[in-house]
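Structural description and commentary
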Amino acid sequence: MSFTFNEKNLKKCDAILKCYPNKQAALLPVLWLAQKQQGYLPLDAQEYVAQLLDLSPVHVYGVTTFYTMFKTKPVGKYHLQLCRTLSCALVGMENIGHHLKEKYQLEHDSVSKDGRFSLELVECLGSCGSGPALMVNDSLVEHLTIEKLDKLMEKLKKD
Amino acid sequence: MKKVLTNRFLIENSHTLKVYREHGGYQSIDKLFATKPADIIEEVKRSGLRGRGGAGFPAGMKWSFIPKGGDKPVYLCVNADESEPGTFKDRYLLEKDPHQLIEGIIICAYGVGCHHAYIYIRGEFDLAYRRIQEAVDEAYAQGVIGETVLGKEYKLDITVHRGAGAYICGEETALLESLEGKRGNPRIKPPFPAIVGLFNSPTVINNVETLSALPFIMNKGAEAYRQWGTDKSPGTKLFCVSGHVNKPGVYELPLGYPLKDLIEKECGGVAGTGRLKAVVTGGSSVPVLTAEEAYSARLDYEALMEKGTMLGSGGVIVMDDSVDMLWALRNLAYFYAHESCGQCTPCREGSGWTYKILDRIYREGGSEKDLDLLLEIADNMVGRTICVLADALAMPVKSYITKFREDFVKNL
């Protein structure tokens, strides 16, 4: 087992535990913390969290695989989540998805060869009135157009 | 119009404690602690405030189910897991006026005797998450919550708990499971959360919009709240309009407001082709209305029930006449198949098969028998599962195929 929390995150973990009457309830926030530190949740990170919270590894694995935002495989430096649900689809999401595939070779659940980008088509992001909507890591981009997307990709390529 | 929920939305830095206080924030606290908890519940009952998450259950009634004088702690869970397609109102309440929600939480907590509230917020929210966390931190730092509530002898902790991407966690018992660190599988009821909820304790679960209406009711009284809306659906409601309208967005309107006026007056009319084909009134899970039905509909719980649909979350999705309803239903079926938690066979299998059949008809065609099969599967999903996710797909399936059959037949 190689994953461990750094000192800063161990302190954060202690603060999280104080908010709940038992350790299990802290599982989601502690997994978020581990994912933030590592970029994703490899098995050793899940086992570490299990030990930390007195849970069985299989319980933790069951939880990480239930929630779509917990990643058990590495994602790109820029993880793109394109909303595919009805309201965004009504205002042109399909064209955006097509463009990502044709121009950037990004498909659902794929990572670019250089590891810079990954794409996931996700369900409703709660941005229905300002679609098409795209999350770039933690930030939301709304009213997306092909031009806006190209500009964004150019910028992210240089970062 | 003076409103209940959105009065501060256009004020700069409305999300900060300072601006909130300058514009009437936390004024209800003195009155609150001078009133008996039971009288708070009565006042909310009199206001007729109903749950704004989708089900429309009377809020005061829900609170009154909490047993009095038990030895277990009482919890309040704020449902900020807004994820019903077409719904984006709670997000704005969290982004623009998080302290209004915190004041609502204080009112509810005092009413039901709760000393620890959890705000369960969906993982995808970015600004909304940061704003509510900052507001809670600010409230602690300024003594609004914590060991006392603004100096009143009442301990109240608030914890913001972030979900991780699961539609089902908006279902209240799945939300509890998720908060307890488990997979979000809904629980069998009874027992209801008011008796056995979070950590086996009595629990109230209320939507962000429901709680955000409480400061107004506390300050101005139940009668003032009833100046809007209808007798059975009093007050105002946030409507989120998306799809083919010229001005999509969130609108606070009195319940009973004509849907036609919402589309044409508030939202600047139908966009795209300019001709209306269909409207979803309460988030993607409710039966769809034809243009004709929509133009005579009023937006309240009872009026929409008479039209065979529901007010739901207030997520209004407008579709112009270029929309292929087979394409639209296929999109939604994928959503529900993806989001089914997988506990109950009728939902897990039914949603998967529904999507596969619709996808096949869409890409390769099919026969009339396929449409009958879709309706039969829908019939076998309704009312046969632990939660209503199965019904939430079956209702669109039935209404889309029945009301827009020609869109399906053309692909056969």
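Residues numbered from 1 in each chain as written. Chains lettered and ligands numbered in written order. Predicted model: local features only at pLDDT ≥ 70, side-chain atom pairs only at ≥ 80, totals over all residues.

Residues and elements named next belong to chain A. In spatial order, the strands read β2-β3-β1-β4-β5; together these five strands make up an open sheet with mixed pairing. The outermost strands of the open sheet, each flanked by one partner alone, are β2 (110–111) and β5 (139–141). The pairing of strand β1 (residues 78–83) with strand β4 (residues 134–136) spans three bridges and is classified as antiparallel. Paired with Leu80 across the bridge in β4 is Val136. Running at roughly 145° to β1, helix α6 (residues 93–104) makes contact with β1 and β3 (117–122) of the sheet. (Pairing = 2+ DSSP bridges. Helix = DSSP H or I, 4+ residues; strand = E, 2+ residues; numbered from the N terminus. Contact = placed C-beta atoms within 7 Å. Axes fitted to C-alpha atoms, helices over the stretch in contact; angles between N-to-C directions.)

Next up on the list: the sheet that holds strand β5 (residues 236–243) of chain B. Residue and element names in this part refer to chain B. An order of β6-β5-β11-β8-β9 is seen for the five strands of this open sheet, with the pairing classed as mixed. Only two strands of the sheet have a single partner each, and these edge strands are β6 (249–254) and β9 (289–290). Note: β5 against strand β11 (residues 315–320), four bridges, orientation parallel. From the neighbouring strand, Val241 faces β11, where its bridge partner is Val316. Here helix α12 (residues 259–266) sits on the sheet in contact with β5, β6, β8 (276–280) and β11, set at roughly 130° to β6.

We now examine the interface of chain A and chain B. Chain A puts 32 residues into the contact, and the matching count from chain B is 46 residues. Looking at the side of chain A that touches chain B, the elements that each hand over two or more residues are α2 (27–38), α4 (57–66), α5 (86–90) and β5 of chain A. Its residues placed into classes, the side of chain A that touches chain B shows 21 nonpolar, nine polar and two charged. (Nonpolar A, V, L, I, M, F, W, Y, C, P; charged D, E, K, R; others polar.)

On to the domain arrangement of chain B, then. Residues and elements named next belong to chain B. Domain annotation of chain B identifies domain 1 (17–225), domain 2 (236–320) and domain 3 (325–409). A straight line from the C-alpha centre of domain 1 to that of domain 3 covers 34 Å. With nine residues of domain 1 at the interface, the matching set in domain 3 holds seven residues. Considered class by class, the residues forming the side of domain 1 that touches domain 3 number six nonpolar, two polar and one charged. (Domains from an automatic or database assignment.)

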